[in-house]
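Take a look at the letters that make up each chain.
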Amino acid sequence: MKTQVNEIQVSYHENTGVFEAIPMKSSQDVAKLLYENWDTDTIGLRETFKVLLLNHSNKVKGIYPLSVGGITGTMVDLRILFALILKTLSTTVILAHNHPSGKLRPSEADKAVTLKISKAARLFDITILDHLIIAPNGGYYSFKDNGLL
């Protein structure tokens, strides 16, 4: 009798041409793109953690909502994050989450998760370009611009 196992399939479907995309050159470019693609009905209600997946030329492959939490926080599962990055063959990423309160100052938990992700990324030769906090009014805080990354 033959033992059956589940088949695993990994896929990435490109709806827009990555090679024609404009590269992300500054935190301002990234913040604008993220805010334009954030659900404005919920940005002031619940914290969401997203990852911007990029190729080696810093051109956007896509934005993935990794987790949705509550009013003051959300969980980041590193295993799911890196499964996503590796499955999409992304070499560079930008982390982002919103602060429904509008405060543009990272919490100690924000700093700790950024450090943890950065350390893990080095093992895979993945570059974490930045971590942005987005406010409901479109304002943002860049870890890189402020020397935290």
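Conventions adopted
Residues numbered from 1 in each chain as written. Predicted model: local features only at pLDDT ≥ 70, side-chain atom pairs only at ≥ 80, totals over all residues. Heavy atoms only, no water. Salt bridge = Lys/Arg side-chain N within 4 Å of Asp/Glu carboxyl O. Buried < 20%, exposed > 50% of the residue type's maximum accessible area, 1.4 Å probe, protein only. Pairing = 2+ DSSP bridges. Helix = DSSP H or I, 4+ residues; strand = E, 2+ residues; numbered from the N terminus. Axes fitted to C-alpha atoms, helices over the stretch in contact; angles between N-to-C directions. Contact = heavy atoms within 4.5 Å. Phe/Tyr/Trp six-rings, centres within 6.5 Å; stacked < 30°, edge-to-face > 60°. Lys NZ or Arg CZ within 6 Å of the ring centre and 35° of its normal.

A.B. asks: Help me out: how do you make sense of the pattern of salt bridges in this one?
C.D. replies: Charged atoms that come close allow side chains of opposite charge to pair. The full count for this structure, using the stated rule, is 3 salt bridges. Measuring nitrogen to oxygen at the nearest pair gives 3.2 Å for the salt bridge that ties D77 to R79. Looking at D77, the relative accessible area reads 28%, which means it is partly exposed. The class of R79 is exposed, set by a relative accessible area of 67%.

A.B. asks: Whenever I open this one, the sheet that holds strand β5 (residues 140–142) confuses me. Can you help?
C.D. replies: The pairing of strands in a sheet comes from backbone hydrogen bonds and takes either a parallel or an antiparallel form. Reading across from one edge, β2-β1-β3-β4-β5 is the order of the 5 strands in this open sheet, with mixed pairing throughout. Strands at the two margins of the open sheet, each flanked by one partner only, are β2 (60–68) and β5. Put simply, the sheet's adjacent strands are angled 20° from each other on average, direction ignored. Bridge analysis of strand β1 (residues 48–54) against β2 gives 7 bridges, and the strand direction is antiparallel. Across the sheet, residue L52 finds its bridge partner in β2, namely I63. Against the sheet, helix α2 (residues 78–87) engages β1, β2 and β3 (92–98), with an angle of about 25° to β1. Contacting β1, β3 and β4 (127–134), helix α3 (residues 108–123) crosses the sheet at an angle of about 160° to β4.

A.B. asks: Looking at this structure, how should I read the packing of aromatic side chains?
C.D. replies: How two aromatic rings sit relative to each other is given by the distance of their centres and the angle of their planes. Going through the model one piece at a time under the given rule, you end up with 2 aromatic pairs. When the centroid spacing of 5.8 Å and the interplanar angle of 85° are considered together, the rings of Y141 and F143 count as edge-to-face. Like F143, Y141 is buried. Seen from the ring of W38, K50 lies directly overhead, with NZ or CZ sitting 4.2 Å from the centre.

Note that every value here comes from positions in space, so none of it alone points to a role or purpose.
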